[in-house]
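Overview (structure and organization)
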Amino acid sequence: MILKIRPADWRDHEVIRSLRALAFTELSLDGGLYELLTWPIFHCQVAVQEGQVIGMAALLLPPGTIADSQGVSVRPEHRGKRIASHLRAAQARDLKILGYEALDVALPSDNAAAMAMTFRHFPKELPPVLVDGQKLYRYFRATVPELLQRASAEVGRYPMSLTAAQETLLQRKGEQARELYHRLLLVETLARQKAERRGGG
């Protein structure tokens, strides 16, 4: 059966909502589904087989050269078929086009299943992160070439190349992500300055 990886859009919102509930508990932003599927700072992809979405993966595209994983999830009946590796390989392909050099992922230290998958794709462990002063998350990183090679080796082939038009759209998305981050930072700065002025008055 042919597996296709494609960008997610708002038509996928119901199935992505259910997949996110099944996801390994990666450390991610508390962004809503609307933001995940429409804001350029997120890059969400789905795995489709026989017309059915069976998996999803998402990225956060911050300023700089290191992106952040926002979760990978595969329907339970399709696990063990390397669907997550197909999704990771497609992420690596797209990250290269977007201009990123590496991908980070953080996972709870007590999730053995998530750790097993992460070790296959992410060779470098970074210092752990304590979330809310309570839960310890282990942090990992892979360079984009490492992730592409490791995930592609898992599935036996490299992801399908994008067309020139698709690459152009992806590059434009990267530019829009940087512009949106700049606007969000400006809004945050203005809000803080306004709060300080009110506090001083």
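See the structure shown above.
These remarks concern the structure in this document.

Rules used in this analysis
- Within every chain, residues take consecutive numbers counted from 1 along the sequence as written.
- Per-residue local features of the predicted model are confined to residues with pLDDT of at least 70, and side-chain atom pairs are confined, for both listing and counting, to 80 or more; whole-chain, interface and lining totals are unaffected and use all residues.
- Only hydrogens and water are removed before side-chain values are computed, so all heavy atoms of the structure are retained for them.
- Helix and strand assignments come from DSSP, with helices taken as H or I runs of at least 4 residues and strands as E runs of at least 2, each series counted from the N terminus.
- Here the expected length of a helix is defined as 1.5 Å per residue gap, with one fewer gap than residues.
- Exposure is judged per residue with a 1.4 Å probe applied to protein chains only, and the accessible area is read against the type maximum: over 50% gives exposed, under 20% gives buried, and values in between give partly exposed.
- Put simply, a salt bridge is a Lys or Arg side-chain nitrogen that is within 4 Å of an Asp or Glu carboxyl oxygen.
- What counts as an axis is a line fitted to C-alpha atoms, over the stretch in contact for a helix, and the angles between N-to-C directions run from 0 to 180 degrees.
- Any two residues whose heavy atoms approach within 4.5 Å at even a single point are treated as in contact.
- Only Asp, Glu, Lys and Arg are considered charged in this grouping, and only Ala, Val, Leu, Ile, Met, Phe, Trp, Tyr, Cys and Pro are considered nonpolar; every other residue, Gly among them, is considered polar.
- Criterion used throughout: strands pair if DSSP finds at least two bridges between them.

What follows covers helix 3 (residues 83-98). Taking 1.5 Å of rise per residue, 16 residues should cover 22 Å, and helix 3 covers 23 Å from first to last C-alpha, within 8% of that figure. Along helix 3, 15 of the 16 residues are buried, which leaves the element largely enclosed by surrounding structure. Looking one or two residues beyond helix 3, the residue adopting positive phi is Gly99, at roughly 95°.

Looking now at the pattern of salt bridges. A complete count under the given rule lists seven salt bridges for this structure. When the shortest N-O distance is used, the salt bridge between Arg82 and Glu154 registers 3.2 Å. With Arg82 in the loop between strand 4 (66-74) and helix 3 and Glu154 in helix 5 (residues 144-155), this pair connects stretches of sequence that are 72 residues apart. For Arg82, a relative accessible area of 39% corresponds to the partly exposed category. Measuring nitrogen to oxygen at the nearest pair gives 2.8 Å for the salt bridge that ties Arg138 to Glu125. Here Arg138, found in strand 7 (residues 135-143), pairs with Glu125, found in strand 6 (residues 124-131); they are 13 residues apart in sequence, far enough to count as distant. Residue Glu125 is classed as partly exposed on the basis of its relative accessible area of 41%. One connected set of salt bridges, linked through shared partners, spans Arg82, Arg120 and Glu154.

Attention shifts here to the packing of helix 4 (residues 112-121) against helix 5. Axis separation between helix 4 and helix 5 bottoms out at 8 Å; the angle between their running directions is 115°. Contacts between helix 4 and helix 5 pair Phe119, Arg120 and His121 from the former with Leu147, Arg150, Ala151 and Glu154 from the latter. In the contact of helix 4 with helix 5, the residues fall into three nonpolar, one polar and three charged.

Strand order in the open sheet formed by seven strands is 1-2-3-4-5-7-6, with mixed pairing between adjacent strands. Where the open sheet ends on each side, the last strands, each with one partner, are strand 1 (3-7) and strand 6. Ignoring strand direction, the axes of neighbouring strands in this sheet form an average angle of 30°. Pairing of strand 3 (residues 52-60) with strand 4 involves five bridges; the strand directions are antiparallel. Residue Ala57 lies in a different strand from strand 4, and its bridge partner there is Val72. Strands in contact with helix 3 are strand 1, strand 2 (42-49), strand 3, strand 4 and strand 5 (102-108); relative to strand 2, the strand with the most contacts, it is inclined by about 140°. Running at roughly 90° to strand 7, helix 5 makes contact with strand 5 and strand 7 of the sheet.

Treat this as a map of the structure, not an account of what it does.
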